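The residues making up each chain are set out below.
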Amino acid sequence: QEAAKYGKKVMVLDFVTPTPLGNSWGLGGTCVNVGCIPKKLMHQAALLGQALQDSRKFGWQFREEVKHNWMTMTESVQNYIGSLNWGYRVALREKNVTYENAYGEFVGPHTIKATNKRGVEKLYTAERFLIATGERPRYLDIPGDKEYCISSDDLFSLPYCPGKTLVVGASYVALECAGFLAGLGLDVTVMVRSILLRGFDQDIANKIGEYMEEHGINFIRQFVPIKVEQIEKGTPGRLRVIAKSTKGNQIIEGEYNTVLLAIGRDACTRKIGLDKVGVKINEKTGKIPVNDEEQTNVPYIYAVGDILQDKLELTPLAIQAGRLLVQRLYAGATSKCDYANVPTTVFTPLEYGACGYSEETAVEKFGEKNIEVYHSHFWPLEWTVPSRDNNKCYAKIICNIQDNERVIGFHVLGPNAGEVTQGFAAAMKCGLTKEQLDSTIGIHPVCAEV
Amino acid sequence: GKNEYDLLIIGGGSGGLACAKEAAKFGRKVAVLDYVEPSPQGTKWGLGGTCVNVGCIPKKLMHQAALLGSAIKDAQHYGWNIAQPVHHTWSVMAQAVQNYVKSLNWGHRVQLQDKKVKYFNMKGSFSDPHTIRGLTKAGKETIVTAENIVIATGGRPKYPMHIAGALEYGITSDDLFWLKESPGKTPLVYYPFILHLYEIIVYISLTGSSPDVSLECAGFLTGIGLETTVMMRSIPLRGFDQQMASLVTEHMESYGTKFLKRCFPTKVEKSESNRLQVTWKNTDLRTEITDSFDTVMWAVGRAPDTETLNLETVGVKTNSETGKIIVDASEATSVPHIYAVGDITEGRPELTPTAIAAGKLLAQRLFGQSSELMDYDNVPTTVFTPLEYGCVGLSEEAAVQCYGSDNIEVYHAYYKPLEFTVAERDAAQCYMKMVCLRERDQRILGLHFIGPNAGEVIQGFALGIKCGATYPQLMKTIGIHPTCAEEITKLHITKGSGLDATVTGC
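Residues numbered from 1 in each chain as written. Chains lettered and ligands numbered in written order. Predicted model: local features only at pLDDT ≥ 70, side-chain atom pairs only at ≥ 80, totals over all residues. Heavy atoms only, no water.

### Side note on the overall build of chain B
Phase 1: Counting its regular elements, chain B contains 14 helices and 23 strands.
Phase 2: The principal-axis extents of the C-alpha atoms in chain B amount to approximately 75 × 70 × 50 Å.
Phase 3: Sorting the 506 residues of chain B into buried and exposed places 58% on the buried side.
Phase 4: Restricting to contacts in chain B with at least 6 residues of sequence separation, those with at least 24 account for 65%.
Phase 5: Surface exposure of chain B reaches about 20,700 Å², of which carbon and sulfur atoms provide 50%.
Phase 6: Side chains of chain B give 48 positive and 53 negative charges; the mean places of these two sets differ by 5 Å. (Helix = DSSP H or I, 4+ residues; strand = E, 2+ residues; numbered from the N terminus. Buried < 20%, exposed > 50% of the residue type's maximum accessible area, 1.4 Å probe, protein only. Contact = heavy atoms within 4.5 Å. Areas by Shrake-Rupley, 256 points an atom, 1.4 Å probe, with all protein chains shown as cover. Lys, Arg positive; Asp, Glu negative; His and termini not counted. Charge placed at Lys NZ, Arg CZ, Asp CG, Glu CD.)

### What to know about the overall build of chain A
Phase 1: The secondary structure content of chain A amounts to 14 helices and 24 strands.
Phase 2: For 450 residues, the compact-globule estimate of 2.2 N^0.38 gives 22 Å, and chain A sits close to it at 23 Å.
Phase 3: Principal-axis analysis of the C-alpha atoms places the extent of chain A at approximately 65 × 65 × 50 Å.
Phase 4: The burial tally for chain A puts 53% of its 450 residues in the buried class.
Phase 5: Pairs at least 24 apart in sequence give 60% of the contacts found in chain A among residues at least 6 apart.
Phase 6: Accessible surface, chain A as shown: approximately 19,900 Å² in total, 48% of it carbon and sulfur. (Rg over C-alpha atoms; globule rule 2.2 N^0.38 Å.)

### With respect to the sheet that holds strand β15 (residues 238-245) of chain A
All names here are of chain A.
Phase 1: Spatial ordering of the open sheet is given by β14-β15-β16, a layout of three strands whose pairing is antiparallel. Because the sheet does not close on itself, it has two edges, and the strands there are β14 (223-232) and β16 (251-256). Adjacent strand axes in the sheet meet at a mean angle of 20° when their direction is disregarded.
Phase 2: The pairing of β15 with β16 spans six bridges and is antiparallel. Looking across to β16, one finds that Val 241 is bridged to Gly 254. (Pairing = 2+ DSSP bridges. Axes fitted to C-alpha atoms, helices over the stretch in contact; angles between N-to-C directions.)

### As for the sheet that holds strand β17 (residues 258-261) of chain A
Residues and elements named next belong to chain A.
Phase 1: Across the sheet, five strands lie side by side as β10-β17-β11-β12-β13; this open sheet has parallel pairing. Both outer strands of the open sheet, β10 (150-151) and β13 (218-221), are each paired with one neighbouring strand and no more.
Phase 2: Judged from the four bridges that link them, strand β11 (residues 165-168) and strand β12 (residues 188-192) form a sheet pairing that is parallel. Within the sheet, the bridge partner assigned to Val 167 lies in β12 and is Val 190.
Phase 3: Packed on one face of the sheet, helix α7 (residues 172-183) meets β11, β12, β13 and β17 and runs near 165° to β12.

### Brief notes about the interface of chain B and chain A
Phase 1: On the side of chain A, 79 residues touch chain B, which itself brings 77 residues to the contact.
Phase 2: Both faces considered, chain B and chain A share a buried interface measuring about 7,000 Å² in area, 70% of it formed by carbon and sulfur atoms.
Phase 3: For chain B, the biggest contributors to the area lost against chain A are Trp 80, Glu 456 and Ile 478 of chain B; these three give 12% of the whole.
Phase 4: Linking chain B with chain A are two salt bridges, by the criterion used here.
Phase 5: In this structure, the salt-bridge partner of Lys 40 of chain A is Glu 419 of chain B, at a minimum N-O distance of 2.7 Å.
Phase 6: With 14 residues, the top contributor of residues to the side of chain B that touches chain A is helix α3 (residues 56-77) of chain B.
Phase 7: When the residues that make up the side of chain B that touches chain A are grouped by side-chain class, the tally is 44 nonpolar, 26 polar and seven charged.
Phase 8: Strand direction decides the pairing type here: strand β2 (residues 60-61) of chain A and strand β4 (residues 87-88) of chain B, joined by two bridges, are antiparallel. When the bridges of β4 of chain B are listed, Trp 60 of chain A appears paired with His 88 of chain B. (Buried area = accessible area lost by both parts, 1.4 Å probe. Salt bridge = Lys/Arg side-chain N within 4 Å of Asp/Glu carboxyl O. Nonpolar A, V, L, I, M, F, W, Y, C, P; charged D, E, K, R; others polar.)

### Examining the packing of helix α1 (residues 14-25) of chain B against helix α10 (residues 352-367) of chain B
If you want to describe how two helices pack, look at the angle between their axes and the distance between the axes.
Residues and elements named next belong to chain B.
Phase 1: Between α1 and α10, the least distance of the axes is 7 Å, while the angle of their chain directions is 30°. Taken together, α1 and α10 sit at an angle that is classed as roughly parallel. Crossing hand, α1 versus α10: right-handed. Contacts from Ser 14, Gly 15, Ala 18, Cys 19, Glu 22 and Ala 23 in α1 reach Thr 352, Ala 355, Ile 356, Gly 359, Lys 360, Leu 362, Ala 363, Gln 364 and Phe 367 in α10.
Phase 2: Of the residues contributing to the contact of α1 with α10, the split by class is eight nonpolar, five polar and two charged. (Parallel < 35°, antiparallel > 145°, perpendicular 65-115°, else oblique. Left-handed = near helix turned anticlockwise from the far one by under 90°.)

### Comments concerning the UniProt feature "active site" (unreviewed entry) in chain B
Phase 1: Taking the UniProt record as the reference, the feature "active site" (unreviewed entry) is found at His 481 of chain B.
Phase 2: Relative to the helices and strands, His 481 of chain B is located in the segment after α14 (471-476). (UniProt positions renumbered as here; feature names shortened; annotations may be inferred.)

### Comments concerning the pattern of salt bridges
Phase 1: Throughout the structure, instances matching the rule amount to 55 salt bridges over all chains.
Phase 2: The closest approach of N and O atoms between Lys 476 of chain B and Asp 338 of chain A, which form a salt bridge, is 3.8 Å. Of this pair, Lys 476 of chain B sits in helix α14 while Asp 338 of chain A sits in the loop between α10 (315-330) and β20 (344-346), on two different chains.
Phase 3: The exposure class assigned to Lys 476 of chain B is partly exposed, which follows from its relative accessible area of 43%.
Phase 4: Judged by its relative accessible area of 19%, Asp 338 of chain A falls in the buried class.
Phase 5: Between Lys 433 of chain B and Asp 241 of chain B there is a salt bridge, with its nearest N and O atoms 3.0 Å apart. One end of the pair, Lys 433 of chain B, is in strand β22 (residues 431-437); the other, Asp 241 of chain B, is in the loop between β11 (227-232) and α8 (242-255), and 192 residues separate them in sequence.

### Notes on the packing of helix α13 (residues 417-429) of chain A against helix α13 (residues 454-466) of chain B
Phase 1: Here α13 of chain A crosses α13 of chain B at 10°, and the two axes come no closer than 6 Å. By the criterion of interaxial angle, the relationship of α13 of chain A to α13 of chain B is roughly parallel. Contact with α13 of chain A, carried on its side by Glu 419, Val 420, Gln 422, Gly 423, Phe 424, Ala 426 and Ala 427 of chain A, involves Glu 456, Val 457, Gln 459, Gly 460, Phe 461, Leu 463 and Gly 464 of chain B of α13 of chain B and no other residues of that element.
Phase 2: When its residues are assigned to classes, the contact of α13 of chain A with α13 of chain B shows seven nonpolar, five polar and two charged.

Shown next, in the form of structure tokens:
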């Protein structure tokens, strides 16, 4: 859309290879269809379930039994996504961007072959190319995984309630999904191979896990599934999962209605003909290394988003990188995307917002003696009346003593963590120090003032 | 003789307690006098001041109760099956809130004890610059002397004394949070056709203090199902950005609060059915109307609590118009060794966090060899109306006045919170704007946000503004997705351009 603003002739090829279970979706990519958007809406549904319980303590009265209807929620969410898909198509049309629902792959220099659903092939040439194919969920490569398990690609449009669910993985996708499924009243178990939220501050990751366990989610740690069998067909059916310990030979079995795999995502770079034009990829991860102007080793081919090596996999980052790239190419701008201090939020039942260094990476980079960690538990005012946990919410900032106690890491665990973290991220961009933080007046009573 | 205490504080509210606890850290001998004169309706409360007992805390909790009412409606769109009817019981909420407040009163007493601060439940007045006369409820007198004295007695709601029946029949925020029964009464059985059974009228007349309490109260009263009317003589939220103020009231109107604009009451009487009859004049239409309500709540501003302090005896100067105590940048009054913090001081925002910060810094300067003065610039605040409004820095009007309209740029956007989509909620008033200087670095002068969790959104940005944040710096900040706050980092349409400021998809 940005390129079209500069009067350039632009084409977008978008194609969704159906999931092993046959699921597909419209224009907009992961975030809109099977990521941020449906995730946050279902998380909201779970939060509202909690709100219903709280509301009784605040004087609201209604019948004790409250049940959740999966189909009502999923239909509403899918309708909203449909409106976004439509919105994008209209936006592209209005901006004179040509859109083709076809699978693109390079066949030679400056040339791409587009194959649509019906197998019809067309060739296109362009002066420049941008690869933004993103990723798809990884499978376990064990018997029964593709036949019987689902992934996040299937969950948000599942046409039946998943029932008793086993979530395999400890990524934020795994924990967020486990979180809202439990919040909707389902029996949820999470099977974790080693640690939770690898790459995130581990102190906080453990607090998140603890909170989830205290609120009814079962964790099976240090096991990996080795086989999935179908006991009975159905919507949902019944599945048997056999798992092996990572620390010995112990084997366990469990029965579930649904098995959700959330063990990671793989870049969609292996089957788009990159070898034909000489674009180098990391053979192990499939990701594409780029320079600080998002350019690959082939000068006229660029890349943005989840497929980039060593960059965070986040929607707003991809958007910003894409926009700035185009402004540099066609509007004479020089701004590069700033990948430092990118804030993020994990929407687990107890939300986690973060910006900058985790405690571990700060210690690693600066040395334990050179950093100071300020921290505090807090009790959101809104949790007092309904007597919810009074020592679970937590905030910490990490400061670099040698640089005027500059704030280099911000972490908050509590409600509305995203809203809280956003402004702090802006402040960190302005070089926030501990002194400036101390001298800023808090808004009362909100969580962020802590 | 030698003074008994190093520091004596009159007033155990946000400012007073913060100052006392900080001073105690330096090993000083500190005492606090706190006393609550009952309201005309007889309401009183414990240690902690306005915020804890009749301000921020109960207000936010009742606001939360109202928000939960909306959440119940939303939940049904998200698949939760809730059997109708759903109704709200005031006494359950009030008791829960009051119990929590009492736990805070208790907590403060324990903290003072732990920090070895002496607490007197007495009403204090000056005998001389170092001597305070304390009087208990029973009339017992105690004389206390101190090297330094801090006045932190705050304020109390005003009554419109020129309106007949105002004092006798009306309540204020002092009473609202402590009502044991709903401000709306049980309907009489033989009027089954009356759909709105509970009616409350809130009158606000703007005097520049903190009139937002009234809108906040009207907001949550509407949210819990009471038929609420707000009568106002002129503009709402005086002192705040007026564009934002009208969006806030617009939302309240669509939310169900009735507004009687450009009206003022002339008398309040009791009717035979034991309801209250209010007569008012409409300044535009020049008509006079009478209607009945269950409760009338006055929100016509707050008056500083200085009358019984005997300030004239010691020469502490007050502002002749407002009655507030005049202080300099170090919180000192016109009399050496006598200071003042919080709502009682002239020219300061009437906010708990500023009182706390000022109190702490004062103690640090008196006893901790610090010279740091309180910075009252860029204090963020939030109005907890049904659709919340958070802001920091200058309003658009103030910026224009200060710098000239040619020298400022206003970026703005109408947005829709993701959670409103499935809930089918109207987001017409969800709006944000950033007021910046136009010249080179485009420093941010003010940020205004209307939407859910406005306080949480604004807090971090207030920090940024404290660091001198500029528009380009904010634009370099990556957004967190999906949140409402991220829209601030994406602001790019200016008011000047005249373009449609509605946020479309990514």
